[in-house]
Amino acid sequence: MTLHKPQILIAEDETAFARLAADTFLKMAAGRARPLVTLPTGMTPLGLYQVLVSEHAARRDLWDQMRFIALDEYAGLPPGDERLFGNWLARTCLDPLHISNRLMFNSLADPDSEAARVETWLKQNGPLDIAVLGMGGNGHVAFNEPGTPFTQGAHAVTLTPDTVSANARYWGDLARVPHHGITLGLQNLAAAGQTLLLVHGAGKAAILKRALNGPVTTDVPASYLQTVPHVTVIADRAAVAGLVLN
Ligand code: PGA
């Protein structure tokens, strides 16, 4: 297995983090016709979306051409549910950016069939041009939890207790967090032409070190990033504490 070193860019504050993320994303998208892009939910990418939205008018051509594919989604929620990642992303960036070409997961469909539908679509229309990703405290990427084979495509998942309790912070109540989801797989993400991983805060430092400096292992799903070229990591100082940078 050939290992690759990601480019690591460090932002000194939140404003710089968002700016750097936006500039890096726009550079990745430049010159690609109809780029196929996936974007994460979570706290970490919020500043990126705010910058892109505030400057969207200057890039109208890009947003018109962009094809968006959902990264992950909860299973079993009705279309209007505020917890749906698709709704969150629509409010936060897809609607204000006027990205109309979207492939979303249908949360109410049978999760296995839905994953198979998206996998088939990706085979016909992929691979991803740009994967923008966050990382969970247990090293998950999208809903690829520890133990997920790197070779897996889109699939249905049962969330780990770690992820369920981490996601309770978005809704303030553990009981409101669904336990099942659908996700693009690590194989789909590894096939992306470019990858942008956003990592923020001291709480992610230990897992980022394991992901980038530790062994490539399914115990840390984000360690697949060492196996693919063209990865850029944007992090703040707290997240890179302890990381061997070169
Ligand atoms: P966060 O979530 O950006 O809110 O930290 C990341 C994740 O759990 O994938």
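Before reading on, note that the structure itself is shown above.
Residues numbered from 1 in each chain as written. Predicted model: local features only at pLDDT ≥ 70, side-chain atom pairs only at ≥ 80, totals over all residues. Heavy atoms only, no water.

Focus on the pairing of strand β7 (residues 155–158)
Logical step 1: Where burial is concerned, the two faces of β7 differ: the one with H155 and V157 is buried and the one with A156 and T158 is not.
Logical step 2: Two strands pair when backbone bridges link them, and β7 and strand β8 (residues 180–183) are joined in this way by 4 bridges, in the antiparallel orientation. Pairing of V157 across the sheet is with G181, part of β8. (Buried < 20%, exposed > 50% of the residue type's maximum accessible area, 1.4 Å probe, protein only. Helix = DSSP H or I, 4+ residues; strand = E, 2+ residues; numbered from the N terminus. Pairing = 2+ DSSP bridges.)

Structural notes on the nonpolar core
Logical step 1: Counting 69 residues, the largest nonpolar core has F25, L39, W63, L184, L189 and L208 as its most contacted members.
Logical step 2: Ranked by residue count, the leading element in this core is helix α1 (residues 14–29), at 8 residues.
Logical step 3: Filtering out sequence-adjacent residues up to four positions away, L208 remains in contact with M135, L197, V199, N213, A239, V240 and L243.
Logical step 4: Core analysis: the next-biggest nonpolar cluster, separate from the first, contains 11 residues, L84, V157, L159 and A168 among them. (Core = buried A, V, L, I, M, F, W, Y, C linked by side-chain atoms within 4.5 Å. Contact = heavy atoms within 4.5 Å.)

Side note on the packing of aromatic side chains
Logical step 1: This model, assessed by the stated rule, comprises 5 aromatic pairs.
Logical step 2: With 6.3 Å between their ring centres and 10° between their planes, F25 and W63 make a pair best called stacked. With F25 in helix α1 and W63 in helix α3 (residues 60–65), this pair connects stretches of sequence that are 38 residues apart.
Logical step 3: Among the residues examined, F25 registers a relative accessible area of 1% and is labelled buried.
Logical step 4: Here W63 falls in the buried class, since its relative accessible area comes to 2%.
Logical step 5: An angle of 45° between the planes, with centres 4.7 Å apart, marks the rings of Y74 and F85 as tilted. Taken together, the residues span a long stretch of sequence, with Y74 in strand β4 (residues 72–74) and F85 in helix α4 (residues 85–94) at a distance of 11 residues. (Phe/Tyr/Trp six-rings, centres within 6.5 Å; stacked < 30°, edge-to-face > 60°.)

None of this, on its own, says anything about what the molecule does.
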